[in-house]
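# Working through the structure, step by step
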Amino acid sequence: MASHSSHSQDGHGHGDGHPLVGHVVPLSLLFATGLALIALTVVTVAVRYIDVGEFNIWIALGVAVVKAALVVLIFMHLRWDRTFNLLTLVGSILFVLLLITFAMMDVHQYQPQLAPGNPKGVAETLTKDAPYAPIASQNPPA
Amino acid sequence: MSAIPTPTHDAHGHDAHGHGEHGHGDHGKYPFLRHHFDTPAQQFDSAKLGMWVFLATEILFFGALFAMYAILRFKHPEVFEYASHYLDTIMGGINTCVLILSSLTMAMAVYFAQRSKKGPLVFCLFLTLLGAVGFLVIKYFEYTHKFHENLVWGASFYKPVDEEERVIVTTPHQAPATLAEQSTAPDLSPGAASAALVKLPAADASVVKKAALGPGGLAPASGSPEQEAEVKAEEATEKALPHLLDPKMPVNTHQFFAIYYCMTGLHGIHVVIGMGMILWLMWGAMRGRYDGNYYTPVDLGGLYWHIVDLIWIFLFPLFYLIH
């Protein structure tokens with residue numbers, strides 16, 4: 001943030017000097033980030049073959065969040081960028097989480113009231129239009 | 001118009017805001033600086049904020065699909081567990097690496113633009129473009145393979161490939177062949193919960209049992225048209241696609257492929273748009289439009305490309321890595 005004013009004092013960004021605006025991320029850091037992202041991809045694929053039950057999806061999502069943070073902070077320069085840009089990103093993510101949370105609460109709420117299985121007559125339609133489709137009975141065996 | 005004495009812009013640049021080192025002088029020094037900005041830094045920050053707001057709308061755009069994914073997965077976990085095995089993890093993993101590498105070359109392109117190095121800038125943009133092409137080529141092979149196997153959305157998922165086979169399968173005697181198998185199979189391991197719901201009207205099932213043929217050698221010589229129809233139906237069943245005959249297939253499996261094509265397809269469209277953008281950046285870079293003073297388009301294009309990568313980082317585990 002403060003770096004902007006100091007950069008603009010430098011004047012011209014010719015040659016190997018600093019650019020007029022923005023922040024330069026050194027190549028070594030870019031390569032290290034790329035390597036870390038590839039390594040995390042390998043980790044997340046490997047975890048798939050280990051069964052930890054319910055936690056599998058949370059581990060996979062956790063690794064994805066770490067990878068996303070690396071991309072956002074380093075590749076997208078957000079670590080050195082204005083706070084307001086970070087706020088924009090975090091705000092949008094919060095609103096997506098809000099949408100998912102409320103939608104899931106609604107789904108939970110109505111779940112017990114839903115009649116199970118395919119309604120009457122669906123079996124005939126499915127047999128005609130989708131011959132191999134499995135049909136869910138309305139009266140499942142207890 | 002005549003009531004307004006002077007256009008506000010003129011007064012703005014010269015006198016009213018002529019503070020210190022920035023003033024009207026900047027506009028002469030930097031030909032890229034638009035008249036409504038005071039300094040290059042102000043112009044750069046405004047452009048970047050605009051891009052971030054756009055990226056926020058992109059996240060909301062995909063967010064709706066992620067919400068749909070969450071609801072479907074909550075309601076039909078067995079469908080996701082089962083259908084995920086039809087996706088090729090190796091191909092998905094390679095595609096993830098291709099996108100990460102192209103993100104890296106894009107970040108390097110921004111670096112070289114900042115350092116006013118035209119050659120490496122063009123080369124890095126070219127590598128990024130190559131990554132995008134590679135991603136789409138792998139995706140193309142994945143999609144065509146699935147289309148070939150009828151792994152698609154909607155009712156087509158349950159249809160045999162050719163029409164003749166369809167007619168045989170849908171004749172009253174044969175229609176529930178696979179369904180009967182399901183109703184008789186006692187336990188179906190992964191999707192047992194929903195598969196237990198699968199039941200047939202008793203009358204249909206009994207008809208099917210009668211239709212089953214004995215071993216080849218003992219099969220009755222072709223005589224009555226009924227028997228011939230049975231043989232034909234048997235052949236059709238053998239020709240049918242594996243997933244259609246799989247007794248473990250849970251109800252509503254096609255929904256997985258609907259959301260899969262929705263999300264990866266929308267992502268693929270973004271990759272195509274990104275390719276156009278990279279081509280445009282390459283064209284500008286070759287004409288020497290960008291240097292350490294002015295590289296805003298490269299920077300913002302990079303942000304867009306990284307968001308495309310970011311979305312894939314989440315799509316990959318959500319579709320390919322379901323245990």
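Residues numbered from 1 in each chain as written. Chains lettered and ligands numbered in written order. Predicted model: local features only at pLDDT ≥ 70, side-chain atom pairs only at ≥ 80, totals over all residues.

### Description of the overall build of chain A
A tally of regular secondary structure across chain A gives 5 helices and 0 strands. Each helix and strand of chain A, placed in order from N terminus to C terminus, yields the pattern α-α-α-α-α. Across the 142 residues in chain A, those meeting the buried criterion constitute 25%. The contacts of chain A with a sequence gap of at least 6 include a subset with a gap of at least 24, amounting to 31%. (Helix = DSSP H or I, 4+ residues; strand = E, 2+ residues; numbered from the N terminus. Buried ≥ 20, exposed ≤ 12 C-beta atoms within 10 Å, placed from the backbone. Contact = placed C-beta atoms within 7 Å.)

### Examining the interface of chain B and chain A
Each partner contributes residues to the interface: chain B has 66 residues there, and chain A has 64 residues. For the side of chain B that touches chain A, the elements supplying multiple residues, two or more each, are α3 (40-75), α5 (89-114), α7 (163-170), α8 (177-184) and α14 (296-320) of chain B. Here the side of chain B that touches chain A takes 18 residues from α3(B), the largest share from any one element. Residues belonging to the side of chain B that touches chain A are distributed by class as follows: 42 nonpolar, 15 polar and 9 charged. (Nonpolar A, V, L, I, M, F, W, Y, C, P; charged D, E, K, R; others polar.)

### Here's the deal with the confidence of the model for chain B
Residues and elements named next belong to chain B. Scored by pLDDT, chain B comes out at a mean of 79, with 70% of its residues at no less than 70. Within the model, pLDDT remains below 50 along residues 1-23, and this stretch shows 13 contacts once partners closer than five positions in the same chain are excluded. Confidence drops under a pLDDT of 50 for residues 174-217, and excluding neighbours within four residues, the segment shows 76 contacts in the predicted structure. Model confidence for the complex: the whole-complex pTM is 0.76, and ipTM, which rates the interface, is 0.84. (pLDDT = per-residue confidence, 0-100.)

### Looking at the confidence of the model for chain A
Residues and elements named next belong to chain A. Scored by pLDDT, chain A comes out at a mean of 83, with 85% of its residues at no less than 70. The least confident element of chain A, judged by mean pLDDT, is helix α1 (residues 2-10) at 40; the most confident is helix α4 (residues 83-110) at 95. Contacts for the low-pLDDT stretch residues 1-15, under 50 throughout, to residues beyond four places or in other chains number 27 contacts.

### Re the packing of helix α3 (residues 55-75) of chain A against α14(B)
Two numbers describe how α3(A) lies on α14(B): the axes approach to 9 Å, and their chain directions differ by 170°. Here α14(B) runs roughly antiparallel to α3(A), going by the angle between their axes. In this structure, α3(A) contributes A:Ala60, A:Leu61, A:Ala64, A:Lys67, A:Ala68, A:Val71 and A:Phe75 to the contact, and α14(B) contributes B:His306, B:Asp309, B:Leu310, B:Ile313, B:Phe314 and B:Pro317. For the contact of α3(A) with α14(B), the class distribution of residues is 10 nonpolar, 1 polar and 2 charged. (Axes fitted to C-alpha atoms, helices over the stretch in contact; angles between N-to-C directions. Parallel < 35°, antiparallel > 145°, perpendicular 65-115°, else oblique.)

### Quick notes on the environment of B:Leu315
All names here are of chain B. Following the sequence through the fold, Leu 315 ends up in helix α14. Classification of Leu 315 by C-beta neighbours within 10 Å gives buried; the count is 23. Considered as a pair, Leu 315 and Asp 291 are 24 residues apart in the sequence and their alpha carbons are 35 Å apart. If sequence neighbours within four positions are ignored, Leu 315 has contacts with Met 263, Thr 264 and His 267.

### Describing the packing of α5(B) against helix α6 (residues 118-148) of chain B
Packed helices, taken two at a time, are described by their axes: the angle between them and the distance between them. Residues and elements named next belong to chain B. Running from N to C, α5 and α6 point in directions that differ by 165°, and their axes come no closer than 8 Å. Here α6 runs roughly antiparallel to α5, going by the angle between their axes. In this structure, the crossing between α5 and α6 has a hand that is left-handed. Each residue belonging to the contact of α5 with α6 can be placed in one class, and the counts come to 18 nonpolar, 6 polar and 2 charged. (Left-handed = near helix turned anticlockwise from the far one by under 90°.)

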